[in-house]
Protein chains: 4
Amino acid sequence: MDAYGRDKEDLLVRLRRIEGQVRGLQRMIEEEKYCIDILTQSSSVQSALQKVELILLETHMRHCVTAAIQQGQGEEKIKEMMEVVRRFSRS
Amino acid sequence: MDAYGRDKEDLLVRLRRIEGQVRGLQRMIEEEKYCIDILTQSSSVQSALQKVELILLETHMRHCVTAAIQQGQGEEKIKEMMEVVRRFSRS
Amino acid sequence: MDAYGRDKEDLLVRLRRIEGQVRGLQRMIEEEKYCIDILTQSSSVQSALQKVELILLETHMRHCVTAAIQQGQGEEKIKEMMEVVRRFSRS
Amino acid sequence: MDAYGRDKEDLLVRLRRIEGQVRGLQRMIEEEKYCIDILTQSSSVQSALQKVELILLETHMRHCVTAAIQQGQGEEKIKEMMEVVRRFSRS
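So, here is what we can say about the structure in this document.

Taken together, the contact between chain A and chain D spans 43 residues of the former and 42 residues of the latter. Measuring nitrogen to oxygen at the nearest pair gives 2.8 Å for the salt bridge that ties E32 of chain D to K8 of chain A. Residue assignment for the side of chain A that touches chain D shows that the elements contributing at least two residues are α1 (8–30), α2 (35–70) and α3 (74–88) of chain A. Of the residues that constitute the side of chain A that touches chain D, the class distribution is 23 nonpolar, seven polar and 13 charged.

Right under this line is the structure:
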């Protein structure tokens, strides 16, 4: 199944930008930039990754989970999804 | 609809325990306990609350969202749920 | 030492409000309110608790940690504080 | 000042590994792997980044913040650090 077809290009663009930001972090370390500035940059990478995760999760809900529920087999998909959500949270 | 019927008593027990823990935090402040010990206690309250949230969210998935999807009206429920998940995350 | 003296009353006011909010959550469960509304309320309790933690941590930095560093004994306090910060984060 | 000197090589190794993981995420998207597997991989990138942030923050505490406090100028550094910690948390 083409699980995240419509979002595919968007996700790739985001991940390439994140890759560039991670290289930027390496440069900042090499050039011994101020710790707080590196932490600020890293925090923006985390947010960008979270955005990717939320797009993936929403697409997963709209396609895989919805299809499974319509076929009366939602149980396992819901458990699997809750595991991901649990990782998003602190506990 | 009896949205979280089976979990109701469990959730109430958990929330009463959390209420007690919050009163415990007040006592610790009043008695000027060591900051780090208060922070440790508060962190355990946060985890307990997260657990409550995850139970609620899973129940919501199994009942409201599943029912809506089965009736071909999952779209809005999925959006609503993603908003909750987004709040769980950092972005 | 009067570690969080100036903030003491502020912290107690915040924690009493949080206690009230947790009782509010119990009422919402008892009255079987809509899951998403309960999750929204719970999220606001979490934020309020985080605010308390940040006040405590900042006070701790300004007093205990600062004093320890001035006496050349910062090492252990810094380790202890990093443990709290680590719990704030996801890893 | 050589702010994170001793950790520099360790941090660079970690960030190069993270860069590789982000490229791995791109490949998984291109090959249309299962959403949940991508989310699991992404979650491990987030943890790796958090680890980098905690190392940076601890080094910052041990050097910049400690030095500022010893010179009686800790106030601003503490504020700055609390801003980073606040971003680590949910509120």
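Moving on from the model shown.
Applying the stated criterion across every chain, the model contains 40 salt bridges over all chains. For E83 of chain A, the salt bridge goes to R86 of chain A, with nearest N and O atoms at 2.6 Å. Pair noted here: E83 of chain A and R86 of chain A are both in helix α3, with a separation of three residues, about one helical turn. Here R14 of chain C ties to D10 of chain C by a salt bridge, and the two come within 3.2 Å at their closest N and O atoms. Within this pair, R14 of chain C and its partner D10 of chain C are both found in helix α1 (residues 8–30), separated by four residues, close to a single helical turn. Among the charged side chains, a network of salt bridges with common partners joins E19 and R23 of chain A together with E19 and R23 of chain D.

A word on the relation of the copies chain A and chain D. If you rotate chain A by 180° and push it 0.0 Å along the axis, it lands on chain D with an RMSD of 0.0 Å. Each copy turns onto its partner about a two-fold axis. No C-alpha of chain A approaches the rotation axis more nearly than that of E19 of chain A, which lies at 2.9 Å. Interface residue correspondence from chain A to chain D reaches 98%, placing this contact among same-surface, isologous pairings.

Tracing the backbone shows I69 of chain C in helix α2 (residues 35–70). The contact partners of I69 of chain C, leaving out residues within four places of it in the chain, are G74 and I78 of chain C together with T66, I69 and Q70 of chain D.

On to helix α1 (residues 8–30) of chain D. For α1 of chain D, built from 23 residues, the straight-helix expectation of 33 Å at 1.5 Å per residue is met to within 8% by its first-to-last C-alpha distance of 33 Å. Looking one or two residues beyond α1 of chain D, the residue adopting positive phi is E32 of chain D, at roughly 50°.

Attention shifts here to the interface of chain C and chain D. At the interface, 25 residues of chain C touch 25 residues of chain D. Both faces considered, chain C and chain D share a buried interface measuring about 2,300 Å² in area, 69% of it formed by carbon and sulfur atoms. In this assembly, chain C and chain D are joined by two salt bridges. Where E75 of chain D meets R62 of chain C, a salt bridge forms, and the shortest distance between an N and an O atom there is 2.4 Å.

Another aspect to go through is the environment of L25 of chain A. Residue and element names in this part refer to chain A. With respect to the element layout, L25 can be found in helix α1. For L25, a relative accessible area of 2% gives the class buried. Each C-alpha atom, one on L25 and one on E83, is 30 Å from the other, the two residues being 58 residues apart in sequence.

Quick reminder: α-helices carry 3.6 residues per turn. Residues three or four places apart thus point the same way. Within helix α1 (residues 8–30) of chain B, the full set of buried residues consists of L11, L12, L15, I18, E19, Q21, V22, G24, L25, Q26, M28 and I29 of chain B. Those residues of α1 of chain B that are buried lie in contact with α2 (35–70) of chain B together with α1 and α2 of chain C.

Attention shifts here to the packing of α2 of chain C against helix α3 (residues 74–88) of chain C. Residues and elements named next belong to chain C. Where α2 contacts α3, the two axes come as close as 9 Å, and the packing angle between them is 165°. For the element pair α2 / α3, the angle class is roughly antiparallel. When you trace α2 past α3, the crossing you get is left-handed. Counted together, Q50, E53, L54, L57, H60, M61, V65, A68 and I69 of α2 and G74, K77, I78, E80, M81, V84, V85 and F88 of α3 form the full contact between these two elements. Split into classes, the residues belonging to the contact of α2 with α3 amount to eleven nonpolar, three polar and three charged.

What counts as what
- Residues numbered from 1 in each chain as written.
- Chains lettered and ligands numbered in written order.
- Predicted model: local features only at pLDDT ≥ 70, side-chain atom pairs only at ≥ 80, totals over all residues.
- Heavy atoms only, no water.
- Contact = heavy atoms within 4.5 Å.
- Salt bridge = Lys/Arg side-chain N within 4 Å of Asp/Glu carboxyl O.
- Helix = DSSP H or I, 4+ residues; strand = E, 2+ residues; numbered from the N terminus.
- Nonpolar A, V, L, I, M, F, W, Y, C, P; charged D, E, K, R; others polar.
- Least-squares fit on C-alpha atoms with pLDDT ≥ 70 in both.
- Expected span 1.5 Å × (residues − 1).
- Buried area = accessible area lost by both parts, 1.4 Å probe.
- Buried < 20%, exposed > 50% of the residue type's maximum accessible area, 1.4 Å probe, protein only.
- Axes fitted to C-alpha atoms, helices over the stretch in contact; angles between N-to-C directions.
- Parallel < 35°, antiparallel > 145°, perpendicular 65-115°, else oblique.
- Left-handed = near helix turned anticlockwise from the far one by under 90°.

Read these as spatial facts, not as claims about activity.
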